[in-house]
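What the coordinates show
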Amino acid sequence: RPYATNSSGTGFGSIVSFTPSSCVTAPTVTTQAASSLARTTATANGNITATNGADATTRGFAYGTVSSLATVIATTSSAGTFSTGAFTGSLTSLTCGTTYYSRAYATNSGGTGLGSIQSFDTSACDTTAPTITRSGDATMRVFVGGTFTDPGATATDESDGTLTPVTTGSVDTN
């Protein structure tokens, strides 16, 4: 109820009732273990478990090689309107055989909620050259002016499995 006082007395206004609006706070976010781990890529996994009064407008992941994430290599982010639920982020250009740390985050009008920091390791680096096997006979003869047909080859690698070999160059039969 408003009021005012002067030398003549105090005047009162009418009584007004109101209901306070709820406070909006940062979303509650969790970080799950990374998945689809490879030599240079991984999938980060997070979950907005509560919006706390307003949907998130940004969500994503921060990641790096320092366990505290005091130094962040990069972030992924998506803009939009996000309620509760799981979300993922593609982490690319990673270094093989390296331990990384990631954390999920989401932002709404009440602030930014952070998940816990989780570690993951990228797959080991490939240190073995592929094995290439030429198709056809061990000895090939090409006559001057004749036609040469490349019989092809196969290639395999311990880390990558079957590869597609590339043949370049030409044979001068003249």
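Residues numbered from 1 in each chain as written. Predicted model: local features only at pLDDT ≥ 70, side-chain atom pairs only at ≥ 80, totals over all residues. Heavy atoms only, no water.

**A short note on the overall build of the protein**
Looking only at helices and strands, one finds 0 helices and 13 strands in the protein. Expected size for 174 residues packed as a compact globule is a radius of gyration near 16 Å; at 32 Å, the protein overshoots this value by more than 25%. In terms of principal-axis extent, the alpha carbons of the protein reach across some 125 × 35 × 25 Å. A buried classification covers 24% of the 174 residues belonging to the protein. In the protein, of all internal contacts separated by at least 6 residues, the share reaching a separation of at least 24 is 59%. As displayed, the protein offers around 11200 Å² of accessible surface, 50% of which is attributable to carbon and sulfur atoms. Across the protein, 6 positive and 9 negative side-chain charges occur, with their mean positions spaced 18 Å apart. (Helix = DSSP H or I, 4+ residues; strand = E, 2+ residues; numbered from the N terminus. Rg over C-alpha atoms; globule rule 2.2 N^0.38 Å. Buried < 20%, exposed > 50% of the residue type's maximum accessible area, 1.4 Å probe, protein only. Contact = heavy atoms within 4.5 Å. Areas by Shrake-Rupley, 256 points an atom, 1.4 Å probe, with all protein chains shown as cover. Lys, Arg positive; Asp, Glu negative; His and termini not counted. Charge placed at Lys NZ, Arg CZ, Asp CG, Glu CD.)

**Remarks on the sheet that holds strand E7 (residues 85-91)**
The sheet built from 3 strands is open, its strands ordered E3-E4-E7 with antiparallel pairing. In the strand order of this sheet, the two ends are held by strand E3 (28-35) and E7, each with one partner. Going from strand to strand, the sheet's axes swing by 25° on average, the running direction of each strand aside. (Pairing = 2+ DSSP bridges. Axes fitted to C-alpha atoms, helices over the stretch in contact; angles between N-to-C directions.)

**Focus: the packing of aromatic side chains**
All chains considered together, the criterion is met by 2 aromatic pairs. Measuring from centroid to centroid gives 5.1 Å for phenylalanine 61 and phenylalanine 87, while their planes differ by 40°, and the two rings are tilted. Here the residue phenylalanine 61 occupies a position in strand E5 (residues 56-64), and phenylalanine 87 occupies one in strand E7, the gap between them amounting to 26 residues. Each of the two residues, phenylalanine 61 as well as phenylalanine 87, counts as buried. Between tyrosine 100 and phenylalanine 120, the ring centres sit 5.7 Å apart and the planes meet at 15°, which makes this aromatic pair stacked. In this pair, tyrosine 100 sits in strand E8 (residues 99-108) while phenylalanine 120 sits in strand E10 (residues 118-121), placing the two residues 20 residues apart along the sequence. (Phe/Tyr/Trp six-rings, centres within 6.5 Å; stacked < 30°, edge-to-face > 60°.)

**Let's talk about the sheet that holds strand E11 (residues 131-134)**
Sheet architecture is open: 3 strands sit in the order E11-E12-E13, paired in antiparallel fashion. Pairing within the sheet leaves two strands with one partner each, and these edge strands are E11 and strand E13 (161-163). On average, adjacent strands in this sheet sit at an angle of 25° to one another, irrespective of strand direction.

**As for unusual backbone geometry**
For serine 36, which is not a glycine, the phi torsion comes out positive at approximately 50°. Looking at where serine 36 falls in the secondary structure, it is placed in the loop between E3 and strand E4 (42-50). In this structure, leucine 69 takes a positive phi of about 60° despite not being glycine. With respect to the secondary-structure elements, leucine 69 resides in the loop between E5 and strand E6 (74-82).

**Comments concerning the nonpolar core**
With 16 residues, the main nonpolar core has Ile48, Leu91, Leu94 and Phe120 as its most contacted residues. Elements that contribute at least two residues to this core include exactly E3, E4, E5, E7 and E8. (Core = buried A, V, L, I, M, F, W, Y, C linked by side-chain atoms within 4.5 Å.)

**Here we look at the environment of serine 116**
Checked against the element boundaries, serine 116 lands in the loop between strand E9 (111-114) and E10. On the basis of relative accessible area, serine 116 is assigned to the partly exposed category, the value being 39%. Expressed as a C-alpha distance, the spacing of serine 116 and valine 29, which sit 87 residues apart in the sequence, is 8.3 Å. Ignoring sequence-local partners within four residues, the contact set of serine 116 consists of Thr31, Ser102 and Arg103. A polar contact is formed between the side chain of serine 116 and the side chain of glutamine 118, at a distance of 3.1 Å. (Polar contact = N/O pair within 3.5 Å; in protein donor to acceptor, adjacent residues only side chain to side chain.)

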